[in-house]
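Coordinate analysis (summary)
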Amino acid sequence: MSKCEQCIVREFSSLKALNKEELLKIANCKSSYTIKKGEPIFEEGENVNGIFCIKDGVCKLSKLSANGKDQIVKLVSKGELLGQRSMISDEPVNLSAVALEDMEVCFIPKSEIMGFFNQNNTFSMNVMKSICGDLKEADDHMVNMAQKTVKERLAATLLYLQDSYGTNEDGSLKTQLSREEIGSMIGTATESCIRLLSDFNKNGLIELKGKKIFLKDVHGLKREAN
């Protein structure tokens, strides 16, 4: 059993406020899973009844729109928690979480986590701050969707993917999204996304090799993004 006190998730999330005794409690009740690329961690409308700690990998959080399209709301990676909001609001999850690559996750039941709220003020404060951060991010995303052009949003998203998730040894973006997924992130049709990527490629901002994307001119992309 992996030790919760040495885990990356503990260092970067609300769990850093828990003491050794509390972390030992978690270690004894958590379940660990390997989630394969393309598999869901949970689906919209599910009662999750706990939180997921992402130990490794990246997943997309998305919502199904009325027309049956998958709208990607954000990406979440190692060191982060999933399900905090629905655990506190006592509601089913509002979004689906699907693995974009093979993932290692741990699940901690609500019954254990809620006990810490009464005993550890720093922990409950950390959870609140984390949820406030998510709200701020959602506000920024909404404003960007309303005020930026699709071209600006694409440039900003490509930069975000490189800054947040890095590159492979060959220099291509590490988090490999399909054209449809990138389109969903920037709020446009797949065809428009393909056309814009092709334009960026022609203008030397990026290079496309099959599914791989290489950012060739970061300064140029920054100009496009702003």
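All residue numbers refer to position in the chain's written sequence, counted from 1. For a predicted model such as this one, the threshold for reporting local features is a pLDDT of at least 70, and the threshold for listing and counting side-chain atom pairs is 80 or more; totals across whole chains, interfaces and linings nevertheless cover every residue. Calculation of side-chain values draws on the structure's entire complement of heavy atoms; hydrogens and water are dropped beforehand.

**So, the overall build of the chain**
Summing up its helical and strand segments, the chain has 9 helices and 10 strands in all. Atoms considered for the radius of gyration are the C-alpha atoms alone. The globule rule reads 2.2 Å times the number of residues to the power 0.38. Over its C-alpha trace the chain gives a radius of gyration of 19 Å, about what one expects of a compact globule, namely 17 Å for 226 residues. Dimensions of the chain, computed from the C-alpha atoms along their principal axes, are close to 55 × 40 × 30 Å. Taking all 226 residues of the chain together, the buried fraction comes to 42%. Between two residues, a contact is recorded if the distance between any of their heavy atoms is within 4.5 Å. Across the chain, the fraction of contacts at a sequence separation of at least 24, relative to all contacts at a separation of at least 6, is 69%. The protein chains shown are the only cover counted for residues, whose accessible areas, like all others here, come from Shrake-Rupley with a 1.4 Å probe. Within the structure as shown, the chain displays about 12300 Å² of accessible surface, and the carbon and sulfur contribution to it stands at 49%. Here Asp and Glu are counted as negative and Lys and Arg as positive; His is not counted, and neither are the chain ends. All charge positions are set by atom: Lys at NZ, Arg at CZ, Asp at CG, Glu at CD. With 31 positive and 32 negative side-chain charges, the chain shows a spacing of 4 Å between the two charge centroids. Note on conventions: DSSP H or I runs of at least 4 residues are helices, E runs of at least 2 residues are strands, and numbering of each starts at the N terminus. In this scheme, a residue with accessible area under 20% of its type's maximum is buried, one over 50% is exposed, and one in between is partly exposed, where area comes from a 1.4 Å probe on protein chains only.

**A word on the domain arrangement of the chain**
Annotation of the chain at the domain level lists domain 1 (4-145) and domain 2 (148-225). A domain assignment, automatic or from a database, supplies the domain bounds used here. Between domain 1 and domain 2, the C-alpha centre-to-centre distance is 27 Å. Each partner contributes to the interface: domain 1 provides 13 residues, whereas domain 2 provides 12 residues. Buried area: the accessible surface (1.4 Å probe) lost by two parts on joining, summed over both. When domain 1 packs against domain 2, the two sides together hide about 1100 Å² of surface, and 54% of this comes from carbon and sulfur. Ranking the residues of domain 1 by area buried against domain 2 places Ile72, Leu75 and Met145 at the top, with a combined share of 43%. By definition, a salt bridge exists where a carboxyl oxygen of Asp or Glu is found within 4 Å of a side-chain nitrogen of Lys or Arg. Counting across the interface, domain 1 meets domain 2 through 1 salt bridge.

**A closer look at helix α5 (residues 121-147)**
Expected helix span is given by 1.5 Å per residue-to-residue step, counting one fewer step than there are residues. Over its 27 residues, α5 extends 39 Å from the first C-alpha to the last, a length consistent with the 39 Å expected when each residue adds 1.5 Å. Within the sequence span of α5, burial applies to Phe123, Ser124, Asn126, Val127 and Ile131. On its buried side, α5 packs onto α3 (84-89) and α4 (110-119). A side-chain oxygen of the first residue of α5 lies 3.2 Å from the backbone nitrogen of Thr122; this N-cap is Asn120. N or O atoms within 3.5 Å of each other form a polar contact, as long as, within protein, one can give a hydrogen and the other can take it, and as long as residues adjacent in sequence are counted only when both atoms are side-chain atoms.

**Thoughts on the sheet that holds strand β2 (residues 40-42)**
Note on sheets: strands pair through backbone hydrogen bonds, and any given pair is parallel or antiparallel. Pairing is antiparallel in the open sheet, where 4 strands are placed in the order β2-β7-β4-β5. The open sheet has two free edges, formed respectively by β2 and β5 (70-77), since each of these has just one partner strand. The sheet shows a mean angle of 30° between the axes of neighbouring strands, taken without regard to direction. Note: strand β4 (residues 58-64) against strand β7 (residues 96-99), 4 bridges, orientation antiparallel. By the bridge assignment for β7, Cys59 is matched with Ala99. To obtain each axis, a line is fitted to C-alpha atoms, and for helices this fit is confined to the stretch in contact; angles are then taken between N-to-C directions over 0 to 180 degrees. Across the sheet, helix α6 (residues 150-165) lies against β4 and β5, angled at about 25° from β5, the strand it touches most. Sitting on the sheet, helix α7 (residues 179-186) is in contact with β4 and β5, with an inclination near 95° to β5. We call two strands paired when DSSP finds no fewer than two bridges between them.

**Description of the pairing of strand β3 (residues 50-56)**
Taking burial as the measure, the 7 residues of β3 include 5 buried ones, the bulk of the element. Bridge count between β3 and strand β6 (residues 81-82): 2 bridges; the pairing is antiparallel. Bridge assignment links Cys53 to a residue of β6, and that residue is Leu81.

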